[in-house]
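Spelled out, the chains give:
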Amino acid sequence: MPEFVLTNDILEQLVDTNDEWIVKRTGIRERRIAKGMHTWELGLRAAERALEDAGLTADALDMIIVTTCSPDFFSPIEASVIQDKLGAKCAAMDMNTCCSGFVYASDVADSFIKCGKAKTVMVISAETLSRVTDYTDRGTCVLLGDGAGAAIYTATEETDKGILSSFLSSDGSGAEYLYMEALPVEQEPLSAERFCDPKARFLKMAGAPVVRFTAWAVPKAIDEALHRAGLTAAEIDWVVPHQANLRILDVIAKKYNLPKEKIYVNLDRFGNTSSASIPLALAEMRQNGLLHEGQTLVCTGFGGGLTYGAFVIRL
Ligand code: UT7
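As a starting point, this report considers the structure included with it. Quantities reported herein were computed from a predicted structural model and do not represent experimental measurements.

Observations regarding helix α9 (residues 246-255)
Here comes step 1: For α9, every residue scored as buried is listed here: Ile248, Leu249, Ile252 and Ala253. End-on, the buried residues of α9 take up no more than an arc of 145 degrees, which puts them together on one face.
Here comes step 2: Of the surrounding secondary structure, the elements contacted by the buried residues of α9 are α8 (207-229), β10 (238-241), α10 (267-270) and β11 (296-303).
Here comes step 3: Looking at where α9 begins, the residue whose side-chain oxygen comes 2.8 Å from the main-chain nitrogen of arginine 247 is asparagine 245.
Here comes step 4: Positive backbone phi, at 55 degrees, marks asparagine 257, one or two positions downstream of α9.

So, in structure tokens, the structure goes:
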């Protein structure tokens, strides 16, 4: 996590909002901002820590996947920059499925490993959403933060370990509710004003329809992933959801009749960091000794696209 803490008090000075509204409607109290940092720098920090934690060196990696919807460049890709800085000699690719990025990329990593094309794949989810946030729009700026997390998947002979099942899907009919333009499409292609207008590329969201989408998409993703793993919600030790809004996480607890303590929450301190939120949560859980061998987790992501998905993993 970057060091700078953007509190609700600071946001009160930027837009017409207040701590009470933000906490009640979202659960968020503060977020981190990567001042003067590139997305790849955050991703590199996470990658180095993941390697250290796994007791591996970069030459063990067969593939690096970076998920981000806030990249530094169209070319080079973030994954190649990080591959070079790590000194890894392996395949590298970026993926963007917005807030579902970590779930999608984990499934890709698992598929490469299961079909024998790779033994060790690192997924890095890195976001600097502050660079695409409109700090005059109170409907989005109170939600978003920066951060990066990384996970390393390795081949194992143990069939009851690792990713047991996954489900990925998309409902592009809701694309308009959450979007960011990369390059504006213009009637007059040489309109320099438009290209120079940073607001054109800010993230825009219609919050309420996105909440309505999550109300059916998140349970559907969890149901499908559980069904494919042959498990019920009662057999799950932790649900690790994308950290979008506390109200959405409360809906998951209610729907599956799970105690709230089983749904990991850190959005109060980090806000919504898009694809980085799940690996950030996993890293924090691991640091705090909450994850143990044999536990079964469901990770679920949802967001721009509108994409959604979930996977079941046994540690
Ligand atoms: O990460 C990808 C997925 N993203 C999400 O899942 C985010 C989904 N959306 C949300 O979390 C919520 O929709 C928001 C937190 C963004 C908004 O909450 P809401 O309960 O859906 O509020 P709303 O958009 O229906 O707005 C209710 C009122 C409006 O005022 P009026 O029209 O009733 O007078 C808004 O202008 O709240 C107002 N409002 C605010 N007031 C104070 C919107 N943002 C703020 C704010 N402070 N920051």
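Here's the deal with the nonpolar core
Here comes step 1: Membership of the largest hydrophobic core comes to 43 residues, with the highest contact counts inside it found for Ile222, Leu226, Ile252, Ile263, Val298, Phe302 and Tyr308.
Here comes step 2: Counting residues per element, this core draws most heavily on α8, which supplies 8 residues.
Here comes step 3: If sequence neighbours within four positions are ignored, isoleucine 263 has contacts with Trp238, Val239, Pro241, Leu249, Ile252, Ala253 and Leu258.

A look at the site of the ligand
Here comes step 1: Taken together, 24 residues form the shell around the ligand, and within it Thr17, Arg25, His242, Asn245 and Asn272 come nearest.
Here comes step 2: Arginine 247 places a side-chain nitrogen or oxygen 2.9 Å from an oxygen atom of the ligand.
Here comes step 3: Considering the ligand on its own, with 950 Å² of exposed area, one finds that the protein chains cover 72% of that surface.
Here comes step 4: At 4 residues, α8 tops the list of elements feeding residues into the shell around the ligand.
Here comes step 5: Broken down by class, the residue content of the shell around the ligand amounts to 12 nonpolar, 8 polar and 4 charged.

Remarks on the packing of aromatic side chains
Here comes step 1: Enumeration over the complete set of coordinates arrives at 6 aromatic pairs.
Here comes step 2: On the numbers, 6.2 Å between centres and 50 degrees between planes, the contact of phenylalanine 102 with phenylalanine 311 is tilted. With phenylalanine 102 in helix α5 (residues 101-114) and phenylalanine 311 in strand β12 (residues 307-314), this residue pair connects regions lying 209 residues apart in the sequence. An identical accessibility class is assigned to phenylalanine 102 and phenylalanine 311; each is buried.
Here comes step 3: Taking the centre distance of 5.7 Å and the plane angle of 75 degrees together, the rings of phenylalanine 213 and tyrosine 308 count as edge-to-face. Here phenylalanine 213, found in helix α8, pairs with tyrosine 308, found in strand β12; they are 95 residues apart in sequence, far enough to count as distant. In this pair, the class of phenylalanine 213 matches that of tyrosine 308, namely buried.
Here comes step 4: Counting every residue linked through ring pairs, the aromatic cluster contains Phe167, Phe213, Trp216 and Tyr308.

Regarding the pairing of β10
Here comes step 1: Where burial is concerned, the two faces of β10 agree: the one with Trp238 and Val240 and the one with Val239 and Pro241 are both buried.
Here comes step 2: As defined by bridge partners, β10 adjoins β11 across 4 bridges and the pair is classed as parallel. Residue pairing across strands places tryptophan 238 opposite leucine 297, the latter belonging to β11.

Considerations on the pattern of salt bridges
Here comes step 1: Inspection of the entire model under this criterion finds 12 salt bridges.
Here comes step 2: The shortest N-O distance in the salt bridge between glutamate 224 and arginine 228 comes to 3.7 Å. Taken together, the residues span about one helical turn, with glutamate 224 and arginine 228 both in helix α8 at a distance of 4 residues.
Here comes step 3: Looking at glutamate 224, the relative accessible area reads 27%, which means it is partly exposed.
Here comes step 4: Judged by relative accessible area, which is 49%, arginine 228 ranks as partly exposed.

So, the sheet that holds β12
Here comes step 1: With respect to topology, 4 strands assemble into an open sheet ordered β7-β12-β11-β10, the strand pairing being mixed. Each end of this open sheet is capped by a strand with a single partner; those strands are β7 (162-170) and β10. Pairs of neighbouring strands in the sheet enclose a mean axial angle of 15 degrees, with direction left out of account.
Here comes step 2: With respect to the sheet, α8 is in contact with β7, β11 and β12, its orientation differing from that of β12 by roughly 35 degrees.

About the criteria used
Residues numbered from 1 in each chain as written. Predicted model: local features only at pLDDT ≥ 70, side-chain atom pairs only at ≥ 80, totals over all residues. Heavy atoms only, no water. Buried < 20%, exposed > 50% of the residue type's maximum accessible area, 1.4 Å probe, protein only. Helix = DSSP H or I, 4+ residues; strand = E, 2+ residues; numbered from the N terminus. Arc of directions from axis to C-beta. Contact = heavy atoms within 4.5 Å. Polar contact = N/O pair within 3.5 Å; in protein donor to acceptor, adjacent residues only side chain to side chain. Core = buried A, V, L, I, M, F, W, Y, C linked by side-chain atoms within 4.5 Å. Near = heavy atom within 4 Å. Areas by Shrake-Rupley, 256 points an atom, 1.4 Å probe, with all protein chains shown as cover. Nonpolar A, V, L, I, M, F, W, Y, C, P; charged D, E, K, R; others polar. Phe/Tyr/Trp six-rings, centres within 6.5 Å; stacked < 30°, edge-to-face > 60°. Pairing = 2+ DSSP bridges. Salt bridge = Lys/Arg side-chain N within 4 Å of Asp/Glu carboxyl O. Axes fitted to C-alpha atoms, helices over the stretch in contact; angles between N-to-C directions.

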